[in-house]
Amino acid sequence: MEEYSREPCPWRIIDDCGGAFTMGAIGGAVFQSIKGFRNAPSGMNKRFVGSLMAIKQRSPIIAGNFAIWGGMFSTIDCTLIHFRKKEDPWNSIISGAATGGILAARNGLPAMAGSAIIGGILLALIEGVGILFTRIQADQFKPPTIMVDDPSQLGPPQQGHPS
């Protein structure tokens, strides 16, 4: 079974930034279409026009904000991988906390600390769920244990090969 591997670090930043932009564009378009539809004057044509106007005005801004978050997260993650010399869940958790804190720095120290804590907790939850699913899937491939009442039914013990 081939393991999933990510791009090397300089390219990972660009890849994650583009992926985050795409998610922000699609999610922003969906959210803004609903918001524009609800806030437009009555009449189906006016509502659809209001929906399209909201998508055109706000969706690129949301996509850009997502791209900034994704690019900063990946940059910090790659920096941690470089300095710590290992890839583990702690890199993502620290990257989420640092990204949340840096992006909230203009709002003052309390907002910065709160955003850093929330970013770290969110990434810890995401990493924890990923580890949980990995363990659940690994249990599926364990060899079954043989329950035998009489050990003589198993046959003679096998000799191991010296390495």
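Residues numbered from 1 in each chain as written. Predicted model: local features only at pLDDT ≥ 70, side-chain atom pairs only at ≥ 80, totals over all residues. Heavy atoms only, no water.

A. Spotlight on the UniProt feature "transmembrane region" (unreviewed entry) in the protein chain. With numbering matched to this structure, UniProt assigns "transmembrane region" (unreviewed entry) to residues 61–83 and 111–133. As annotated, residues 61–83 comprises 100% helix and 0% strand, and the C-alpha atoms at either end are separated by 33 Å. End C-alpha to end C-alpha, residues 111–133 measures 33 Å, and it is 100% helix and 0% strand. (UniProt positions renumbered as here; feature names shortened; annotations may be inferred. Helix = DSSP H or I, 4+ residues; strand = E, 2+ residues; numbered from the N terminus.)

B. Geometry of the confidence of the model for the protein chain. Mean pLDDT over the protein chain stands at 88; residues scoring 70 or higher make up 90%. Model confidence for the protein chain, summarised as mean pLDDT per element, is weakest for helix H4 (residues 109–140) at 92 and strongest for helix H3 (residues 89–103) at 95. (pLDDT = per-residue confidence, 0-100.)

C. Quick look at a nonpolar patch on the surface. Together, Ile117, Ile118, Ile121, Leu122 and Leu125 make up an exposed nonpolar region whose accessible area comes to about 510 Å². Here Leu125 falls in the exposed class, since its relative accessible area comes to 54%. (Patch = residues over 30% accessible without salt bridge, like charges linked within 9 Å, V, L, I, M, F, W, Y side chains within 5 Å. Areas by Shrake-Rupley, 256 points an atom, 1.4 Å probe, with all protein chains shown as cover. Salt bridge = Lys/Arg side-chain N within 4 Å of Asp/Glu carboxyl O. Buried < 20%, exposed > 50% of the residue type's maximum accessible area, 1.4 Å probe, protein only.)

D. Spotlight on the state of the cysteines. A full pass over the atoms with the stated rule returns one disulfide. Covalent S-S linkage joins Cys9 and Cys78, the inter-sulfur distance amounting to 2.4 Å. Disulfide Cys9 to Cys78: torsion about the S-S bond roughly -95°, handedness left-handed. Taken together, the positions of Cys9 in helix H1 (residues 9–39) and Cys78 in helix H2 (residues 44–84) put the pair 69 residues apart, joining distant regions of the chain. (Disulfide = S-S within 2.5 Å.)

E. Broad picture of the packing of aromatic side chains. Going through the model one piece at a time under the given rule, you end up with two aromatic pairs. Judged by centre distance (5.7 Å) and plane angle (55°), the rings of Phe37 and Phe48 are tilted. Residue Phe37 is located in helix H1, and its partner Phe48 is located in helix H2; the two are separated by 11 residues in the primary sequence. The exposure class assigned to Phe37 is partly exposed, which follows from its relative accessible area of 28%. A relative accessible area of 47% means that Phe48 is categorised as partly exposed. Centroid distance Trp69 to Phe73: 5.2 Å. Interplanar angle 10°. Geometry classified as stacked. You can see Trp69 and its partner Phe73 sitting in helix H2, four residues apart, about one turn around the helix. Note on Phe73: relative accessible area 14%, which makes it buried. (Phe/Tyr/Trp six-rings, centres within 6.5 Å; stacked < 30°, edge-to-face > 60°.)

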